[in-house]
Amino acid sequence: MKSRRQFLQHFSAALALPALAGWTNKPEASLQGPVLKVAIMGLGSYGTRVADALVGCKRAKLTGVISGTPSKIKTWQSKYGIAEKNCYTYDNSDQIKNNPDIDAVYIITPNALHHPYAIRVAQAGKHVICEKPMALNAMEALEMVNACKKANVKLLIGYRMHFEANTLEVVRMRKAGEFGKPLFFQGLSGFRIGDPGQWRLTKNLAGGGAMMDIGVYSVNGARYMLGEDPVWVTAQETKTDFQKFKEGVDETIQFQFGFASGAVASCLSTYSMNNLDKFFLNGEKGFAELQPATGYGPIQGRTHRGALALPHVTHQTTQMDEMAQIILDNKVPEIPVDGAEGLKDMKIIDAIYLAAKTGKRVDLKF
Ligand code: NDP
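Keep in mind the model is a prediction, meaning the values are calculated, not measured. (Residues numbered from 1 in each chain as written. Predicted model: local features only at pLDDT ≥ 70, side-chain atom pairs only at ≥ 80, totals over all residues. Heavy atoms only, no water.)

Novice: Which parts of the structure should I look at to understand the overall build of the chain?
Specialist: Each helix and strand in the chain was counted, giving ten helices and 15 strands. Here the C-alpha atoms of the chain give a radius of gyration of 21 Å, agreeing with the 21 Å that 2.2 N^0.38 yields for 366 residues. The long-range share in the chain, meaning contacts at least 24 apart out of those at least 6 apart in sequence, stands at 67%. In the form shown here, the chain has an accessible surface area of approximately 16200 Å², with 55% of it arising from carbon and sulfur atoms. Each charge sign in the chain was given a centre, from 43 positive and 34 negative side chains, and these centres are 3 Å apart. (Helix = DSSP H or I, 4+ residues; strand = E, 2+ residues; numbered from the N terminus. Rg over C-alpha atoms; globule rule 2.2 N^0.38 Å. Contact = heavy atoms within 4.5 Å. Areas by Shrake-Rupley, 256 points an atom, 1.4 Å probe, with all protein chains shown as cover. Lys, Arg positive; Asp, Glu negative; His and termini not counted. Charge placed at Lys NZ, Arg CZ, Asp CG, Glu CD.)

Spelled out as structure tokens, the structure:
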């Protein structure tokens, strides 16, 4: 919910600036500078969260939808003011090529659709924003990177924590040497999953289980908290419910990383425990703890210097405003969110699955 101050800021900005024509889903005057025109593909739970967050953006704007469900298209059209000519199905989505009202497509579908549609969007000449996990494996991720390079469009992954203030403060402190040499990271990522029939528990659509969905936060977090990529991986899988978590769908995986600096990481990914969202970084001179570390916020934590409590801003609003600047102004983010960043995580996840299967350490090269 907006604070009174945010409301007043929004309201006075709306009075002060001239209206821009054509878009109707928010006071046009709150937009500033060139605006990224975004179509969302996949109008589900997270897509709706992103659409709502886009209403608060200054540099990004929801202008189109791609969906397999006509009734949702109608609802979104009236809720967000989306023109009929900017509405597509998966089958005719290649036609966005000729639509100047769409600069980028944000793919928020089940994981298995990220790869084929990212390539199609790139071939239609539009920038690609893709949810995590970027793909089902590193091979697919590499194909996405190459397709976007070939089409000369940007590929960004929906790593919203890379723009979150408390997270960025820890990264700033680490870069400034305030923790001394980083030595250890612990990442705990999990929640208790419900409905056994959902796509997240279907291998073909999810590509795996908890690791693909929530464990990826600890994989990615280990890298931005320590500022280094792992050179080896070990992993152990545990399954207690073989009905719910079928072959190829992981329930719980513990995994460990080693880094060239000598730092180590120990992480847990699970679909069986609630209240599991914590990052801990230990260095020679200090520590940082974020808990919750990756939820929708507010993110909270502390360091050896005291509490971390920078103000909460809707993550997806900050993310989309920042991504608009990356795409339109070539802004370089503090922590990368490009396809190469997503590809690294997919290589690591492939290695985790291999290590869990073989019981052997897997070495990594980037
Ligand atoms: P939902 O199931 O709520 O929505 C997915 C949407 O994709 C559906 O509503 C549907 O939209 C479309 N879709 C197309 N094909 C299928 C299919 N075969 N089965 C089911 N849906 C299909 O999922 P979420 O929104 O929770 O997750 C979508 C993606 O977003 C995932 O990759 C997930 O990892 C990521 N995510 C990221 C989060 C973050 O914080 N960054 C948080 C939550 C999810 P339509 O009817 O319009 O076609």
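Novice: What should I look at first to understand the side chain of glutamate 251 in this one?
Specialist: The residue glutamate 251 is located in the loop between β8 (230-238) and β9 (252-259) in this model. The buried charged residue glutamate 251 lacks any salt bridge partner; its closest oppositely charged side chain belongs to arginine 192, at an N-O distance of 6.3 Å. Engagement of the side chain of glutamate 251 in a polar contact is seen with the side chain of serine 272, the distance being 2.5 Å. Excluding residues within four positions of it along the chain, glutamate 251 makes contact with Ala210, Glu237, Thr238, Lys239, Thr240, Asp241, Phe245, Ser269, Thr270, Tyr271 and Ser272. (Buried < 20%, exposed > 50% of the residue type's maximum accessible area, 1.4 Å probe, protein only. Salt bridge = Lys/Arg side-chain N within 4 Å of Asp/Glu carboxyl O. Polar contact = N/O pair within 3.5 Å; in protein donor to acceptor, adjacent residues only side chain to side chain.)

Novice: Honestly, the pattern of salt bridges in this entry has me stumped. Any pointers?
Specialist: Pairs may arise between side chains of opposite charge once their charged atoms sit close together. Per the counting criterion, the structure on display carries 19 salt bridges. One salt bridge in this structure joins lysine 175 and glutamate 334, with 2.7 Å as the shortest N-O distance. With lysine 175 in helix α6 (residues 165-175) and glutamate 334 in the loop between α9 (315-329) and α10 (339-358), this residue pair connects regions lying 159 residues apart in the sequence. The partner of glutamate 289 in a salt bridge is arginine 302, with the nearest N and O atoms 3.3 Å apart. In this pair, glutamate 289 is assigned in strand β12 (residues 287-290) and arginine 302 in strand β13 (residues 301-303), connecting sequence segments 13 residues apart. Owing to a relative accessible area of 41%, arginine 302 belongs among the partly exposed residues under this scheme. Look at the salt bridges and you will find they share partners, linking Arg223, Asp229, Glu341, Lys344 and Asp345 into a network.

Novice: Explain the site of the ligand to me, please; I cannot follow it from the model alone.
Specialist: In the region of the ligand, 27 residues are neighbours, and Ser67, Thr69, Lys72, Tyr90 and Arg160 sit closest. Threonine 109 places a polar main-chain atom, nitrogen or oxygen, 3.2 Å from an oxygen atom of the ligand. Coverage of the ligand by the protein chains reaches 81% of its 890 Å² of free accessible surface. Put simply, the parts of the chain that give the shell around the ligand at least two residues each are α2 (45-54) and α8 (210-226). Looking at the shell around the ligand, its residues break down into eleven nonpolar, ten polar and six charged. When residues are assigned to domains, the shell around the ligand turns out to be shared by domain 1 (4-160) and domain 2 (164-310 + 339-363), each giving three or more. (Near = heavy atom within 4 Å. Nonpolar A, V, L, I, M, F, W, Y, C, P; charged D, E, K, R; others polar. Domains from an automatic or database assignment.)

Novice: Mind showing me how you'd approach helix α4 (residues 114-123) here?
Specialist: An α-helical segment advances 3.6 residues per turn. Residues three or four places apart therefore align on the same side. Counting buried positions over the ten residues of α4 gives seven, a clear majority of the element. Within the span of α4, buried status applies to His114, His115, Tyr117, Ala118, Ile119, Val121 and Ala122. Residues of α4 that are buried make contact with β1 (36-41), β4 (104-107), β5 (127-130) and α5 (138-151). One or two positions beyond α4, positive phi appears at glycine 125, with a value near 80 degrees.

Novice: Please explain the sheet that holds strand β10 (residues 264-270) as it appears in this structure.
Specialist: With respect to topology, nine strands assemble into an open sheet ordered β14-β13-β12-β11-β7-β10-β9-β8-β15, the strand pairing being mixed. Looking at the sheet topology across the chains shown, the edges are occupied by β14 (306-308) and β15 (362-363). In the sheet, strand β7 (residues 182-190) pairs with β10 via seven bridges, with the strands oriented parallel. Looking across to β10, one finds that phenylalanine 184 is bridged to valine 264. Those strands touched by α10 are β8, β9 and β15, and its axis lies near 50 degrees from that of β8. (Pairing = 2+ DSSP bridges. Axes fitted to C-alpha atoms, helices over the stretch in contact; angles between N-to-C directions.)

Novice: Sorry if this is basic, but what is going on with the packing of aromatic side chains here?
Specialist: We describe a pair of aromatic rings using the distance from one ring centre to the other and the angle between the two ring planes. Enumeration according to the criterion identifies ten aromatic pairs in this entry. An aromatic cluster of at least three residues, connected via ring pairs, comprises Phe185, Tyr224 and Phe279. Lying over the aromatic face of phenylalanine 366, lysine 344 brings its terminal NZ or CZ to 6.0 Å of the ring centre. (Phe/Tyr/Trp six-rings, centres within 6.5 Å; stacked < 30°, edge-to-face > 60°. Lys NZ or Arg CZ within 6 Å of the ring centre and 35° of its normal.)

Novice: So what exactly am I meant to see when it comes to the sheet that holds strand β2 (residues 60-66) here?
Specialist: Whether parallel or antiparallel, the strands of a sheet pair through hydrogen bonds between backbone atoms. The six strands lie next to each other as β3-β2-β1-β4-β5-β6, forming an open sheet whose pairing is parallel. Because the sheet does not close on itself, it has two edges, and the strands there are β3 (87-88) and β6 (155-157). By the bridge criterion, two bridges tie β2 to β3 in an arrangement that is parallel. Along β3, the bridge assignment pairs valine 65 with cysteine 87.

Novice: What's the story with the nonpolar core in this structure? I'm lost.
Specialist: Nonpolar side chains tend to gather and get buried jointly when the protein is soluble and globular. Formed by 108 residues in total, the largest nonpolar core has its most connected members in Ile40, Phe257 and Ile352. The leading source of residues in this core is α8, at eleven residues. Inspection of this core shows a minimum of three residues originating in each of domain 1 (4-160) and domain 2 (164-310 + 339-363). Not counting the four nearest positions on each side in its chain, isoleucine 40 is found in contact with Gly47, Val50, Ala51, Leu54, Leu62, Gly64, Val65, Ile66, Trp76, Tyr106 and Ile108. (Core = buried A, V, L, I, M, F, W, Y, C linked by side-chain atoms within 4.5 Å.)

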